[in-house]
Amino acid sequence: MTAERKVKGVLGYKLGMTQVWDDKNRVVPVTVIQAGPCVVSQIRTPEADGYSAIQLGFGAIKAKAVTKPAAGHFDRASVTPRKHLVEIRTTDASSYELGQEITAEAFEVGEVIDVIGTTKGKGTAGVMKRHGFHGLRATHGVHRKHRSPGGIGACATPGRVFKGMHMAGRMGHDRHTVQNLRVQGVDLEKNLLIVTGAIPGPNGSLVIVRNAVKKDEA
């Protein structure tokens, strides 16, 4: 069971990285996020759903690309169709209203946040790139196997390969959370959040920005 807590968040697109100077004239690497505007498309309540949460919609989409069930869902909330829908669990879901707009104004400069995104996909990768293996010796007695994993298990006992063995395979395109980043700047006119450090995913990918859950901002 996770602790009950108030969580505020906004959806956005990663625009890319740049650098700014802080008040002490130090260069700070930052990531620019197009944060919102989002709309509240559904409100979950403990009485009806067993938990408390809000559903946020973000991103423009053509009306002809929306299915009839999804169109009915947006009509009930009296909002235009959105491309992305994400639920955020929070104990104060009852304080939101259907159709309410959430923008970058939800966060302030200096606030500590978490950013959730999907990492870049690398395709099929070998064990050296995927798991950091050092490979076999590139000296006498070794054939063209310098980037191979080596042995993956015994022969007769246990006579199989254990689950979870580090081997070659698909790398990247995983959900990843970067915690305790700091908001360096907020542009309310353009709905931009300037966040210190790097966040997962390629430019243009969807990210979720929420207040930090493992850091006391006081």
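In what follows, the structure referred to is the one given above.
Residues numbered from 1 in each chain as written. Predicted model: local features only at pLDDT ≥ 70, side-chain atom pairs only at ≥ 80, totals over all residues. Heavy atoms only, no water.

> So what exactly am I meant to see when it comes to the sheet that holds strand β5 (residues 84–89) here?
Adjacent strands of a sheet form backbone hydrogen bonds with each other and so pair up, either parallel or antiparallel. Overall, antiparallel pairing links the 4 strands, which are arranged β5-β4-β3-β6 in an open sheet. Where the open sheet ends on each side, the last strands, each with one partner, are β5 and β6 (101–102). Pairing between strand β4 (residues 53–58) and β5: 6 bridges, direction antiparallel. Within β5, the residue paired with I54 across the bridge is I88. The sheet strands contacting helix α2 (residues 68–77) are β3 (38–44), β4 and β5, and the helix crosses β3 at an angle near 90°. (Pairing = 2+ DSSP bridges. Helix = DSSP H or I, 4+ residues; strand = E, 2+ residues; numbered from the N terminus. Contact = heavy atoms within 4.5 Å. Axes fitted to C-alpha atoms, helices over the stretch in contact; angles between N-to-C directions.)

> When you look at the environment of G185 in this model, what are you seeing that I'm missing?
Within the fold, G185 resides in strand β10 (residues 175–187). Placed 23 residues apart in sequence, G185 and F162 show a C-alpha to C-alpha distance of 49 Å. Residues within four places of G185 in sequence aside, it is in contact with V109, L192, L193 and I194.

> How should unusual backbone geometry be read in this particular structure?
Glycine aside, a negative phi is what most residues show, and trans is what most peptide bonds show. G36 connects to P37 through a cis peptide bond whose omega is 5°. Summarising the element assignment, P37 is placed in the loop between β2 (27–35) and β3. That bond from T157 to P158 is cis: its omega, 5°, falls within 30 degrees of zero. Structurally, P158 is set in the loop between α3 (127–131) and β9 (169–172). With a phi close to 55°, H173 is a non-glycine residue in the positive phi region. Locating H173 in the fold gives a position in the loop between β9 and β10. Classification of H173 as exposed rests on a relative accessible area of 55%. Positive phi outside glycine occurs at N180, with the angle close to 60°. Along the chain, the position of N180 falls in strand β10. N180 sits in the partly exposed class, given a relative accessible area of 36%. (Buried < 20%, exposed > 50% of the residue type's maximum accessible area, 1.4 Å probe, protein only.)

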